[in-house]
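Each chain, letter by letter, is given below.
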Amino acid sequence: MNDIRLLANGLVGNGFSYRGFQAGLDRRPHMIGCDAGTSDYGPGPLGSGRDIKPPASVERDLEIMFEGARRLGIPLIIGSCGVAGAAPHLEGYRRIVERLVADSGRPCRLALIHSDQDPALLKAASAAGRVRPLGPVPPLTDAAIDASTHIVAMAGAAPFIRALDAGADVILAGRCTDPAIYAGLAMRMGASPAIAWHAARSIDKGMLATENVEEGSPVMATLDDTGFTIEPTKDGARCTVKSIAALTMYENPDPWSILQPSGRISAEHCRFEQLDERSVRVSGSEFFAAGRPSVKLEGARPVGHRAAMLVGIRDPRLIAELDDYLDRFGTMIRRTARSLGIAEDSYRFRFLAYGRDAVMGLREPLRDSPPHEIGLLVDILASDEADAMALLARASSTGAKLAPVRGIPAGGNFAAPFSPNQIPIGPAFEWSVWHLLDCADESDPFRIEIMDLQA
Amino acid sequence: MTRLADLAPGIKGRNAGAAWLTFDIPFSDRASYERALASGAISPRRIGEIYAVPEADVRVFPFAPALALKITIPRAAFAGGFDESDFDGAQQFAPILDIEIP
């Protein structure tokens, strides 16, 4: 097998070094890849169908990568378009590529990998026992499927291989695993699954593979028959055994078992070796094929509209009796809701006491160490924005005028940083589907659409 | 007194899926890694005490190539619900900074 070179950026919309990217192109890579998705931001992007990266940054990143890929005549492969990788996100990216083709005068064959799941097919799969919870979530119900605005499956390498077989110059994928965009091309060119997957996993976070992440350097993986080498492409950036090995562990519960639709990557018997001051050699990677493939499903459903306010509390007497104060405040909010005719089961609220235990909740070991200042977030979820804002506005005046401590006359409990201080957060979402779908062929849940874009 | 953060300043934590939290603890050098490992201070029992989770639910992986330990524990609640305060699980590692390493 001849060397296979994969050029990688981290996340569309987060930027990268232009100079480093051009230096990467000089090395004649066989593809350019960039992930665009994550579930780290929670269910909002999937539920709302909206990208949350700034459009100008997304367009800039795609334009530079598109220009480089078309100039070299190599595939550009983007994974999990628009953060969540559902139909509206993919459509947004398709429009950008159409515009790039028109502006640049460079025609291309575009492959779209659609990850959206048909509710009827999913119900049938679930009824047939082919859907399993992924972690401590309830079994998938038809009601959960119906309540979801979008449900996507995470593609592995197989749909990418099919898109490349169809002659795609640019692949825009809906939801997929981060390394799949590289592993498919590498295996198609002859790399072993173990080397293809582990190399892909080592570059799929782009600049995070380097020691100086702020340099924004793209990274390149060079694969051969016995392993792979990772290096940054920008002068002055470095990959080290630590930076590369750390990526193998990152965001995975178990470094010996990094799950993909077709099997699992293991780094248990890996060797990492510093080749020179900037590149790292990896060998001994393993890949264990699954008995039958399974893809992860993600779905999000709307749960109402949210409104919130953040207020500062500095009165040490109130802070000392905060739990009692919040009890009384909560009672007042429920009373207000009744007076506004807002049904009890149609809204929820919570208080987060920043400075005390907002971040860690019941796990906070320092909960009883009194702070001198509290940032109190009052968060209200109601069935529509009008209810949420009405309840919040009333809570704002009620909470400010409540006795700070029983028996002490009310003064004004809240330091407000904004005017007005009540913020409509918008529609809120929850994960409704977080499951595994067993399939006969891992390409089955995905639809590949090929279109020839003329300049 | 040596704290874990003195030996591994690059400690970070993230969700590993919506059900798990995982802490990556890269040590500054091999001696620190081996010292921490040999001390037994970072045990499932100790981590379980800090986060109030059963010892059996705590997994600790020594990952020698990265000179790192990896700890995986269940999240307090499945990620992304109404009560979520750390969608990405980014700040739950703080208490382990202070674990004393003999």
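Residues numbered from 1 in each chain as written. Chains lettered and ligands numbered in written order. Predicted model: local features only at pLDDT ≥ 70, side-chain atom pairs only at ≥ 80, totals over all residues. Heavy atoms only, no water.

### Thoughts on the domain arrangement of chain A
We note that the domain assignment places domain 1 (4-115 + 154-293 + 439-453) and domain 2 (302-432) within chain A. Each of domain 1 of chain A and domain 2 of chain A was reduced to a C-alpha centroid, and the two centroids are 42 Å apart. (Domains from an automatic or database assignment.)

### With respect to the sheet that holds strand β1 (residues 12-15) of chain B
Residues and elements named next belong to chain B. Spatially, the 4 strands line up as an open sheet ordered β1-β2-β4-β3, and their pairing is antiparallel. Only two strands of the sheet have a single neighbouring strand rather than two, namely β1 and β3 (59-63). Put simply, the sheet's adjacent strands are angled 20° from each other on average, direction ignored. Sheet topology note: the β3/strand β4 (residues 68-74) ladder contains 5 bridges and is antiparallel. The residue bridging Phe 61 from the neighbouring strand is Lys 70, located in β4. (Pairing = 2+ DSSP bridges. Helix = DSSP H or I, 4+ residues; strand = E, 2+ residues; numbered from the N terminus. Axes fitted to C-alpha atoms, helices over the stretch in contact; angles between N-to-C directions.)

### Quick word on the packing of helix α1 (residues 18-26) of chain A against helix α3 (residues 55-72) of chain A
In a packed pair of helices, the relevant descriptors are the angle between the two axes and the axis-to-axis distance. Residue and element names in this part refer to chain A. The interhelical angle for the contact between α1 and α3, taken along N-to-C directions, is 20°, at an axis separation of 11 Å. Our classification of the angle between α1 and α3 gives roughly parallel. Of the two possible hands of crossing, α1 and α3 adopt the one that is right-handed. In this structure, α1 uses Tyr 18, Phe 21, Gln 22 and Leu 25 to contact α3, whose residues at the interface are Arg 60, Ile 64, Met 65, Gly 68, Arg 71 and Leu 72. Residues belonging to the contact of α1 with α3 are distributed by class as follows: 6 nonpolar, 2 polar and 2 charged. (Parallel < 35°, antiparallel > 145°, perpendicular 65-115°, else oblique. Left-handed = near helix turned anticlockwise from the far one by under 90°. Contact = heavy atoms within 4.5 Å. Nonpolar A, V, L, I, M, F, W, Y, C, P; charged D, E, K, R; others polar.)

### Structural notes on the sheet that holds strand β2 (residues 31-37) of chain A
Residue and element names in this part refer to chain A. Taking strand neighbours across the sheet as the criterion, the 10 strands line up as β12-β13-β9-β8-β1-β2-β3-β7-β4-β19 in an open arrangement whose pairing is mixed. Of all the strands in the sheet, the pair left with one neighbour each is β12 (271-274) and β19 (447-453). Here the average twist between neighbouring strands, direction ignored, is 20°. Sheet topology note: the β2/strand β3 (residues 76-83) ladder contains 5 bridges and is parallel. Across the sheet, Cys 34 pairs through a bridge with Ile 78, a residue of β3.

### A few points about the confidence of the model for chain B
In low-pLDDT regions, the fine details of the predicted coordinates are not to be read closely. All names here are of chain B. Looking at chain B, the pLDDT average stands at 94 and 100% of residues meet or exceed 70. By mean pLDDT, β3 is the weakest element of chain B at 93, and helix α1 (residues 4-7) is the strongest at 97. Scoring of the predicted complex yields 0.94 for pTM and 0.94 for ipTM. (pLDDT = per-residue confidence, 0-100.)

### Here we look at the nonpolar core
One recurring pattern in soluble globular proteins: nonpolar side chains tend to sit buried together. Residue and element names in this part refer to chain A. Among the nonpolar cores identified, the biggest contains 69 residues, and Leu 6, Phe 160, Ile 171 and Leu 223 are the most heavily contacted of them. In contact with Phe 160, not counting residues within four places along its chain, are Ile 77, Ile 113, Ala 155, Ile 171, Ala 173, Cys 176, Ala 180 and Ile 181. Residues Phe 16, Ile 74, Cys 108 and Met 207 belong to the second largest nonpolar core, which totals 34 residues. (Core = buried A, V, L, I, M, F, W, Y, C linked by side-chain atoms within 4.5 Å. Buried < 20%, exposed > 50% of the residue type's maximum accessible area, 1.4 Å probe, protein only.)

### Things to note about the packing of helix α12 (residues 322-340) of chain A against helix α13 (residues 385-401) of chain A
All names here are of chain A. Between α12 and α13, whose axes approach to 10 Å, the crossing angle comes to 135°. Accordingly, the angle class assigned to the pair α12 and α13 is oblique. For α12 against α13, the interelement crossing comes out right-handed. Contacts between α12 and α13 involve Tyr 325, Phe 329, Met 332, Ile 333, Thr 336, Ala 337, Ser 339 and Leu 340 on the former and, on the latter, Ala 390, Leu 391, Arg 394, Ala 395, Thr 398, Gly 399 and Ala 400. Residue classes in the contact of α12 with α13 are distributed as 10 nonpolar, 4 polar and 1 charged.

### Focus: helix α8 (residues 180-188) of chain A
Residue and element names in this part refer to chain A. Burial within α8 is extensive, with 7 of its 9 residues counted as buried. Packing partners of the buried residues in α8 comprise β1 (4-11), β2, β3, α7 (158-165), α9 (193-203) and β8 (219-223). Note on α8: the residue one or two positions beyond its end, Gly 190, has a positive phi of about 110°.

### Remarks on the interface of chain A and chain B
At the junction of the two partners, chain A supplies 39 residues and chain B supplies 43 residues. Regarding the contact of chain A and chain B, the summed buried area is about 3,200 Å², with carbon and sulfur atoms giving 64% of it. Inspection of the chain A/chain B interface yields 1 salt bridge. A salt bridge links Asp 83 of chain B to Arg 348 of chain A, with the shortest nitrogen-to-oxygen separation between them at 4.0 Å. On inspection of chain A and its partner chain B, the count reaches 13 residue pairs in polar contact (both at pLDDT 80 or more). At the level of secondary structure, the elements contributing two or more residues to the side of chain A that touches chain B comprise α10 (241-249), β16 (347-354), β17 (374-382) and β18 (423-438) of chain A. When residues of the side of chain A that touches chain B are assigned to their parent elements, the largest contribution, 6 residues, is made by α10 of chain A. For the side of chain A that touches chain B, the class distribution of residues is 25 nonpolar, 4 polar and 10 charged. (Buried area = accessible area lost by both parts, 1.4 Å probe. Salt bridge = Lys/Arg side-chain N within 4 Å of Asp/Glu carboxyl O. Polar contact = N/O pair within 3.5 Å; in protein donor to acceptor, adjacent residues only side chain to side chain.)

### Considerations on the pairing of strand β2 (residues 20-26) of chain B
Residues and elements named next belong to chain B. The buried count for β2 comes to 6 of 7 residues, which makes it a mostly enclosed element. Two elements, β2 and β4, share 7 bridges in a ladder whose sense is antiparallel. Bridging across to β4, Asp 24 finds its partner in Lys 70.

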